[in-house]
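Okay, here's what each chain looks like letter by letter:
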Amino acid sequence: MSIGLGDHCAIACAEAFRADGKRMVSPMAPLPKLGARLAKATFAPDIVLTDGVATIVDLDGKPEGWMPFSRVFDTLWNGQRHVMMGASQLDRYGNQNISALGDWNQPKVQLLGVRGSPGNTICHPTSYFIGKHSARVFVEAVDMVCGLGTNRGAYELRRVVTNLGVFDFLAPDGGMRLIALHPGVERESVSAATG
């Protein structure tokens, strides 16, 4: 059996949850969900899996319990959650945009809105999964800051997993740095796909 790109991405997502102990993890897409389940089944048995909102789930994704939103927010505000979100735009410091593309006064595209991004990035560890690494996503500056980056006081930005590789925010200036390429990916491909 060969290991494909999706497998490598799921493993990289799992690694993002390695240091979480008994934290609640909230993966917001299918591959991060696989990664969280892999982490719990192997090296992080104490993490608490959620469906991304307020339902506690088991390794198969079946509901085990429910958390009223007041308890979810208590968990968030106390740093006991690790969320893995997406981004429409992400800059080198991890400032995230999921709200609008273009000038704020007259955006070209209206997206989701800021949702929980501000609270996520100032209260607990945050990681990102970007399914298609491109210069449209990895930009010099985001059009609107929804989630805070390391240069704006983010609590802890841990990882960015893309279809090309894995990044962290441990560059000397708090910027994003490449820590692993997926098999078959050249460094030049990452540079060409990054704004």
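Our subject is the structure listed above.
Residues numbered from 1 in each chain as written. Predicted model: local features only at pLDDT ≥ 70, side-chain atom pairs only at ≥ 80, totals over all residues. Heavy atoms only, no water.

Caption draft 1: Spotlight on the overall build of the protein chain. What the protein chain contains, in helices and strands, is five helices and 13 strands. Rg of the C-alpha trace for the protein chain: 16 Å, near the compact-globule value of 16 Å for 195 residues, within the 12% margin. By principal-axis analysis of the C-alpha atoms, the protein chain measures approximately 45 × 40 × 30 Å. Accessible area for the protein chain stands at about 9,900 Å²; split by element, carbon and sulfur atoms hold 55% of it. Of the charged side chains in the protein chain, 19 are positive and 18 negative, and the gap between their average positions amounts to 2 Å. (Helix = DSSP H or I, 4+ residues; strand = E, 2+ residues; numbered from the N terminus. Rg over C-alpha atoms; globule rule 2.2 N^0.38 Å. Areas by Shrake-Rupley, 256 points an atom, 1.4 Å probe, with all protein chains shown as cover. Lys, Arg positive; Asp, Glu negative; His and termini not counted. Charge placed at Lys NZ, Arg CZ, Asp CG, Glu CD.)

Caption draft 2: Helix 3 (residues 69–77), seen in detail. Listed as buried for helix 3 are Val 72, Thr 75 and Leu 76. The arc that holds the buried residues of helix 3, viewed along the axis, is 100 degrees, so those residues lie on one side. The secondary structure elements touched by the buried residues of helix 3 are strand 1 (24–27), strand 5 (81–85) and helix 4 (117–123). Just beyond helix 3, the residue with positive phi is Gly 79, at close to 75 degrees. (Buried < 20%, exposed > 50% of the residue type's maximum accessible area, 1.4 Å probe, protein only. Arc of directions from axis to C-beta. Contact = heavy atoms within 4.5 Å.)

Caption draft 3: Fine view of the pairing of strand 5. The buried count for strand 5 comes to five of five residues, which makes it a mostly enclosed element. The alternating pattern of strand 5 places Arg 81, Val 83 and Met 85 and His 82 and Met 84 on opposite faces, both of which are buried. Looking at chain direction, strand 1 and strand 5 are connected through four bridges and run parallel. Counted as the bridge partner of Met 24 is Arg 81 from strand 5. Note: strand 5 against strand 10 (residues 125–130), three bridges, orientation parallel. Each residue of the ladder has a partner; that of Met 84, found in strand 10, is Ser 127. (Pairing = 2+ DSSP bridges.)

Caption draft 4: Fine view of a nonpolar patch on the surface. A cluster of nonpolar side chains, namely Val 53, Phe 69, Phe 73 and Trp 77, defines an oily patch on the protein surface of about 430 Å² accessible area. Secondary-structure assignment places Phe 73 in helix 3. (Patch = residues over 30% accessible without salt bridge, like charges linked within 9 Å, V, L, I, M, F, W, Y side chains within 5 Å. Salt bridge = Lys/Arg side-chain N within 4 Å of Asp/Glu carboxyl O.)

Caption draft 5: Focus on the nonpolar core. Judged by nonpolar contacts, the single largest core of 18 residues is most densely connected at Leu 90, Tyr 128, Ile 130, Phe 138, Val 160 and Met 176. Residues contacting Met 176, with those up to four places away along its chain left out, are Leu 90, Asp 91, Arg 92, Phe 138, Val 160, Phe 167, Asp 168 and Phe 169. Grouped together as the second largest cluster of nonpolar side chains are 17 residues, Cys 9, Ala 36, Ala 39 and Leu 49 included. (Core = buried A, V, L, I, M, F, W, Y, C linked by side-chain atoms within 4.5 Å.)

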